[in-house]
Amino acid sequence: MANCCFSYADEISRKKSGIYPTDAAITLRELLKYDMLVFLGYLYDEKSSEQVRQVAFVNELLQIRLTPEQFLQFRKDNSLDPELLSKVPDSLKYFVKDDLLPSSRRSDAGVSISRFIVNSFRDMGLAFIAYAGVSEEEAKKITVYIGILNDYLKSYGLYDTKDPLRMGEKGRADYGMPRRFTPPKPTPDANVDMTVAASYFTDDPVPADGRGTAYRTDTRSANAQYGDPRSAGRGTTAQDTGTGEAEKRQGKTGVREETPEPVQTSVEELLEELDQLIGLEGVKKSLNNLINVIRVRKMREKMGLKQPDMSLHLVFSGNPGTGKTTVARLLAKIYKSLGVVSKGQLIEVDRAGLVEGYVGQTAQKTNEVIDSALGGVLFIDEAYTLTNKKESGDFGQEAVDTLLKRMEDDRKDFIVIVAGYTEPMEEFLQSNPGLRSRFNKFIDFADYSSEELYDIFISMCHRQDFHLTEDADAYVKEYFSKLVCEKGEHFANAREVRNFFERCIERQANRLVTAGDIDMKLITTFTKEDLTE
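The shown structure was predicted, so the numbers you read here are calculated from the model rather than taken from an experiment.

Caption draft 1: Summary view of the packing of helix α5 (residues 90-99) against helix α7 (residues 136-155). Close contact between α5 and α7 brings their axes to 11 Å; oriented N to C, the two are set at 30°. Relative to α7, α5 is oriented roughly parallel. The handedness of the crossing between α5 and α7 is right-handed. Within the contact between the two elements, α5 uses Leu92, Lys93 and Val96 and α7 uses Leu149, Tyr152 and Leu153. Residue classes in the contact of α5 with α7 are distributed as five nonpolar, no polar and one charged.

Caption draft 2: Layout of the environment of His467. Considering the arrangement of structural elements, one finds His467 in strand β7 (residues 467-468). With 58 residues separating them in the primary sequence, His467 and Thr525 have C-alpha atoms 5.1 Å apart. In contact with His467, other than residues within four places in its own chain, are Lys521, Thr524, Thr525 and Phe526. Polar side-chain contacts of His467 include one of 2.9 Å to the side chain of Thr525.

Caption draft 3: Structural context of the pairing of strand β3 (residues 346-349). Side chains of β3 alternate between two faces, with Leu346 and Glu348 and Ile347 and Val349 buried alike. Note that β3 and strand β4 (residues 377-381) share four bridges and pair parallel. Bridge pairing links Val349 to Ile380 in β4. At this point the chain moves from β3, through helix α14 (residues 361-373), to the parallel β4, and the crossover so formed is right-handed.

Caption draft 4: Up close: the side chain of Asn319. As for its placement among the helices and strands, Asn319 is situated in the loop between β2 (314-318) and α13 (324-338). Looking at Asn319, its side chain comes within polar contact range of the side chain of Asp447, at 3.1 Å. Once residues lying within four places of it in the same chain are set aside, the contact partners of Asn319 are Lys324, Tyr421, Phe445, Asp447, Glu489, His490, Phe491 and Asn493.

Caption draft 5: Here's a closer look at the pattern of salt bridges. Per the stated rule, a full pass over the model turns up 19 salt bridges. In this structure, Asp123 and Arg122 form a salt bridge, with 2.7 Å as the shortest nitrogen-oxygen distance. Linking Glu356 and Lys365 is a salt bridge whose minimum nitrogen-to-oxygen distance equals 3.0 Å. Its relative accessible area of 31% is what places Glu356 among the partly exposed residues. Put simply, Arg122, Asp123, Glu268 and Arg295 are held in one network by salt bridges that share partners.

Caption draft 6: Representation of a nonpolar patch on the surface in the model. A surface patch of nonpolar side chains, about 310 Å² in accessible area, is lined by Ile518, Met520 and Ile523. Following the sequence through the fold, Ile523 ends up in helix α21 (residues 520-523).

Caption draft 7: Structural view of the packing of helix α11 (residues 267-275) against α13. For the pair α11 and α13, the least separation of the axes is 9 Å and the interaxial angle reads 160°. With respect to α13, the axis of α11 lies roughly antiparallel. Judged by the sense of rotation from one axis to the other, the crossing of α11 with α13 is left-handed. Touching Val267, Leu270, Leu271, Glu273 and Leu274 of α11 are Leu330, Lys333, Ile334, Ser337 and Leu338, all from α13.

Reading the values: rules and limits
Residues numbered from 1 in each chain as written. Predicted model: local features only at pLDDT ≥ 70, side-chain atom pairs only at ≥ 80, totals over all residues. Heavy atoms only, no water. Axes fitted to C-alpha atoms, helices over the stretch in contact; angles between N-to-C directions. Helix = DSSP H or I, 4+ residues; strand = E, 2+ residues; numbered from the N terminus. Parallel < 35°, antiparallel > 145°, perpendicular 65-115°, else oblique. Left-handed = near helix turned anticlockwise from the far one by under 90°. Contact = heavy atoms within 4.5 Å. Nonpolar A, V, L, I, M, F, W, Y, C, P; charged D, E, K, R; others polar. Polar contact = N/O pair within 3.5 Å; in protein donor to acceptor, adjacent residues only side chain to side chain. Buried < 20%, exposed > 50% of the residue type's maximum accessible area, 1.4 Å probe, protein only. Pairing = 2+ DSSP bridges. Right-handed = clockwise from strand over helix to strand, strands pointing away. Salt bridge = Lys/Arg side-chain N within 4 Å of Asp/Glu carboxyl O. Patch = residues over 30% accessible without salt bridge, like charges linked within 9 Å, V, L, I, M, F, W, Y side chains within 5 Å. Areas by Shrake-Rupley, 256 points an atom, 1.4 Å probe, with all protein chains shown as cover.

Dropping the structure here:
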């Protein structure tokens, strides 16, 4: 991993394009090492009992020799800067600048070089904290830092790898770039003192064979299997499937199955798909933190290290139309890619899919649904309806008892996500101590803002080949702003948008019936008349 990054750095330094200053105090390879060392110092856990092991990992990965005392001093001098998270590593700026040249090429992993560098930072960080033990706080640090680097790549159009790396005029225009785009020129001393940085590397050159010598670990080498940092630009929104499609598939049984894609999708592609969802910023951060923890646990498992038990069952709370089902489908695929479950199918179910009206039937029905979900994820919508009916003769509690037993018996290959309104879900978990102990991770799906609802509507229009006149666009913004201000307790979010969109189509159709000659522009345009409620 690191060796590939350093090779790419050397390649840029050798180019005659002048991207990297020839008079810099250190090479781009050494600057990249410095930035990586700053990052690892940021992640360093002083409370860990594996401090020597962490320093050994740093030396092995970066092919340097630092004593634990030197590493701690470096961390104090460079990695504890409160402004660290507002800065982009200087080395990354040069990789980005090179990627924007017509002569740039993809990495061996099939992505832009700068994207490969960012992915390597992420994988390096995950491997590093795996040595110190799984820490949710450290996983959050990685999520935040890598998010900043990805935002930087997005600002230059280098994040969505569906687009050609060698961007032509069309590719640049799609990102609003001029034809001859030149990013801000990074200077050799933009964020670091190059003279000080050089002292950490030049006094102890790397052996000719490219291997580190001091503090060598016998667990694995620096370039061991951290996973191929691949990426893709597949994107969707939580409103693509929306509400309505699931109901059409449901039928009378109350059970719906989301069949997994036959082709294995990488975690990076799925995370990109998650990132493309409109809004849901808190959800994305929570899931990224969780995924980082899982990745680290998998690394520790391969290393033969001990790790505490961890529940991966989740509670999705929030109002309807906030993307809970869409995110659950994505998460099932992510769990499959990470090896948490073996198949990755999502089985959607509600009360009607679990509960029957006679003694013994509920347990049998619940077991059948669970059997179909083994190797994947069982998603129980409005789960609180299983316990909120207190009258005699209700068998919701029987379904809960059966579920809890199977969650224990099949815990190695079975994940459950329960979803519903926030307050009723809290009451649901309090109804049974077993529920509270198994569902200890909450992800809240906040209502969409008026701007996000507008974005959802526009995305629906684009997918169906509609566009808006100027006054229609202004009306839509005003409409959703008013809708959010006047929303009730159980605001339906994206469902409100979908219903509004369908009414717009009806009104446009009624208008066009009497329009006479209809051309392409007319049939794909929404006017203010079509949108007015």
